[in-house]
Each structure stands twice: as C-alpha cells, then as structure tokens.
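Below are the chains, spelled out letter by letter.
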Amino acid sequence: MDVHIEQSWKKKLKDEFEKDYFQKLSGDVKSMYLNEKIVFPPPQLIFNAFELCPFENVKVVILGQDPYHGKGQAHGLSFSVQDGVRIPPSLQNIYKELHDDVGKEIPDSGDLTHWARQGVLLLNATLTVYAGEAGSHQGLGWETFIDAVIKKVSDDREHVVFLLWGKFAQAKEELINQNKHLVLKAPHPSPFSAHSGFFGCKHFSKTNNYLRETNQSEIVW
C-alpha cells in the first residue's frame, strides 16, 4: 500500500506496510478521521517524526506513549507541543533536567522540532488519539508498527542512543542490540515519577558524550 511517509523510511519499512495488521490499522485510522469524533494530531502530521528525522539521520530515539489529546497540542513528535501551546508538565520537567544537566536556558516554547532536525527521533508508541481520550487508540496496531521501527533502527543503524523513560519505554529494551547502541534508562519525567530518578539522570550530557566518542556531532538541545 502507498503510505505517505518520508522516503528513506518508506524504503526501510516497505515490508511492514504490506502486512495485514498495518493494512487494517491504516483502514481503521482513516475511518476514525472521517467520523464525528476529533482525532489528534492532524492527519498530515501523523508521521511528522519520520518526516523531520530521515532514517540515515537518526542519532537518538526518545519514546513516548500517546500523543497529547488536548486541542492544538499534538503535532507528531513525542513530548513536543506546537508554539503558543502551554508547555505540559512532563516537558517542563525535561527542560528542568536539561537546565540542571547542561545549563540550557529553559525555553518559552515546547516545540522540539529543532531536536528532530538534528537526528532525535521523537516517537510515540501510538501515533493517533481521540480528542480528550488518553490511550483511546492503543491496541489498534500502532504498537506493533513502532516496535518494528525500533528494531529496524537497532538492526540497520549503529551508535544510536535510546532514551527510555518510564516502565513503558523500558519494555522496548529487548528490541535493541546493546552491543552497538547505548541504552539509557530513567523514570518517566511525569510529575508523578520525575523525583524518583529522572531528575539527576544527566541523559542529555551522557548522550552527547557518547555521540562525541563515536565521532558524531552532538545535539544542540
């Protein structure tokens, strides 16, 4: 089937798009956008993470769970919100750790597009959600697709940093070849868990140290 996704990913995931589960997923999601309920993000932004970070550019993977389900928030990048949208609590905590770790001034914007353009793949485990209904598109097949993406990055790239925040993301560790990639784990940056080890994890400086050691350009967070 023809999936509108960035060309390098289209080539890498061609076989995945032909599988029965993905064809059913695609049909189900199209129907959901056409019904009376509102679905986020806008359909043209479902694969925004891939559009902004081609396969050969991937240096870092950050995995979230669901897109934000509030109006104007989700734009296809995990933890990110569009300019002018109030910065969500988890992202506020990410910014706080970033400031404490590398001295980055806390931004006014929650838009992480500049990370994505530098090679940070900001993935959610499900790529769509009904407005106001957290987790409403779990179990449709997105999780199977994202697992395939993680495994493809692990298999076909080298020296990628995987930042696994929280138990949900850490469950994906088994998909990653740790002999050729760096996996960093911490509690989720949510206000419910950030104080139990996310603050002080220093993942941003550790990521750049690894990238430097493997002759890659660092991320300007």
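Quantities reported herein were computed from a predicted structural model and do not represent experimental measurements.

*Asks:* Where do I start with the overall build of the protein in this structure?
*Replies:* Helix and strand content of the protein: 9 helices and 6 strands. The principal-axis extent of the C-alpha atoms belonging to the protein is close to 45 × 35 × 25 Å. Classification of the 221 residues of the protein by burial places 53% in the buried group. Across the protein, every contact between residues at least 6 apart in sequence was considered, and the portion connecting residues at least 24 apart equals 64%. For the protein, the computed accessible surface area is about 10,600 Å², with 50% contributed by carbon and sulfur atoms.

*Asks:* So what exactly am I meant to see when it comes to the sheet that holds strand E6 (residues 182-186) here?
*Replies:* Across the sheet, 4 strands lie side by side as E3-E2-E5-E6; this open sheet has parallel pairing. Every other strand in the sheet has two partners, leaving strand E3 (120-124) and E6 as the edge strands with one partner each. Each adjacent strand pair in this sheet contributes to an overall mean axis angle of 20°, direction not counted.

*Asks:* Before we go on, may I ask you to explain helix H5 (residues 89-102) in this structure?
*Replies:* One turn of an α-helix holds 3.6 residues; hence residues three or four places apart share an orientation. Here H5 is 14 residues long and its end C-alpha atoms lie 20 Å apart, about the 20 Å a rise of 1.5 Å per residue gives. Those residues of H5 lying buried are Ser 90, Leu 91, Asn 93, Ile 94, Tyr 95, Glu 97, Leu 98 and Asp 101. Tucked inside the fold, the buried residues of H5 contact helix H6 (113-116), strand E5 (161-165) and helix H9 (203-213). Directly beyond the C-terminal end of H5, a positive phi value near 80° is found at Gly 103.

*Asks:* Which parts of the structure should I look at to understand the environment of Lys 59?
*Replies:* With respect to the helices and strands, Lys 59 occurs in the loop between helix H4 (48-52) and strand E2 (60-64). Taking the C-alpha atoms as reference, Lys 59 lies 9.2 Å from Glu 218; in sequence the two are 159 residues apart.

*Asks:* Is there a simple way to explain the packing of aromatic side chains in this structure?
*Replies:* The description of an aromatic ring pair uses the distance of the two centres, along with the angle that the planes make with each other. All told, the structure shown has 18 aromatic pairs when counted by the stated rule. Measuring from ring centre to ring centre gives 5.1 Å for Trp 165 and Phe 198, while their planes differ by 80°; the resulting arrangement is edge-to-face. With a gap of 33 residues between them, Trp 165 in strand E5 and Phe 198 in the loop between E6 and H9 connect regions that are remote in the sequence. The burial state of Trp 165 is the same as that of Phe 198; both residues are buried. Connected via pairs of aromatic rings, a cluster forms that spans Trp 9, Phe 17, Tyr 21, Phe 22, Phe 47, Phe 50, Phe 55, Trp 142 and Phe 145. The ring of Tyr 130 has Lys 37 sitting right over it, with the charged end atom 4.4 Å from the ring centre. The side chain of Lys 96 reaches across the aromatic face of Phe 199, ending 4.8 Å from its centre.

*Asks:* Before we go on, may I ask you to explain the packing of helix H3 (residues 20-34) against helix H7 (residues 142-156) in this structure?
*Replies:* Helix-helix packing is characterised by the crossing angle of the two axes and by the distance between the axes. Close contact between H3 and H7 brings their axes to 9 Å; oriented N to C, the two are set at 125°. Taken together, the axes of H3 and H7 are oblique relative to one another. The hand of the H3/H7 crossing is left-handed. Where H3 abuts H7, its residues Tyr 21, Phe 22, Leu 25 and Val 29 lie against Trp 142, Thr 144 and Phe 145.

*Asks:* Would you take a moment to explain the nonpolar core for this structure?
*Replies:* In globular proteins that are soluble, nonpolar side chains generally tend to be buried together. Ranked by size, the top nonpolar core spans 66 residues in total, and within it Trp 9, Phe 47, Phe 50, Trp 115 and Phe 145 carry the most contacts. The biggest single contributor to this core is H7, with 6 residues. The residues touching Phe 47, leaving out its near neighbours within four places in the chain, are Val 3, His 4, Ile 5, Phe 22, Leu 127, Trp 142 and Phe 145.

*Asks:* Sorry if this is basic, but what is going on with the pattern of salt bridges here?
*Replies:* Two side chains with opposite charge may pair up if their charged atoms get near one another. In total, this model carries 10 salt bridges according to the counting rule given. Ionic pairing is found between Asp 28 and Lys 24, a salt bridge with its closest N-O pair at 2.8 Å. Note that Asp 28 and Lys 24 are positioned in helix H3 at a spacing of 4 residues, about one turn of the helix. On the basis of relative accessible area, Lys 24 is assigned to the exposed category, the value being 55%. One salt bridge in this structure joins Lys 152 and Asp 156, with 3.8 Å as the shortest N-O distance. Residue Lys 152 and its partner Asp 156 are both found in helix H7; the two are separated by 4 residues, about one turn of the helix. Under the relative-accessibility criterion, Asp 156 is labelled partly exposed at 39%. Here the salt bridges share partners, and the residues they tie into one network are Lys 12, Lys 152 and Asp 156.

Scoring rules and cut-offs
Residues numbered from 1 in each chain as written. Predicted model: local features only at pLDDT ≥ 70, side-chain atom pairs only at ≥ 80, totals over all residues. Heavy atoms only, no water. Helix = DSSP H or I, 4+ residues; strand = E, 2+ residues; numbered from the N terminus. Buried < 20%, exposed > 50% of the residue type's maximum accessible area, 1.4 Å probe, protein only. Contact = heavy atoms within 4.5 Å. Areas by Shrake-Rupley, 256 points an atom, 1.4 Å probe, with all protein chains shown as cover. Pairing = 2+ DSSP bridges. Axes fitted to C-alpha atoms, helices over the stretch in contact; angles between N-to-C directions. Expected span 1.5 Å × (residues − 1). Phe/Tyr/Trp six-rings, centres within 6.5 Å; stacked < 30°, edge-to-face > 60°. Lys NZ or Arg CZ within 6 Å of the ring centre and 35° of its normal. Parallel < 35°, antiparallel > 145°, perpendicular 65-115°, else oblique. Left-handed = near helix turned anticlockwise from the far one by under 90°. Core = buried A, V, L, I, M, F, W, Y, C linked by side-chain atoms within 4.5 Å. Salt bridge = Lys/Arg side-chain N within 4 Å of Asp/Glu carboxyl O.

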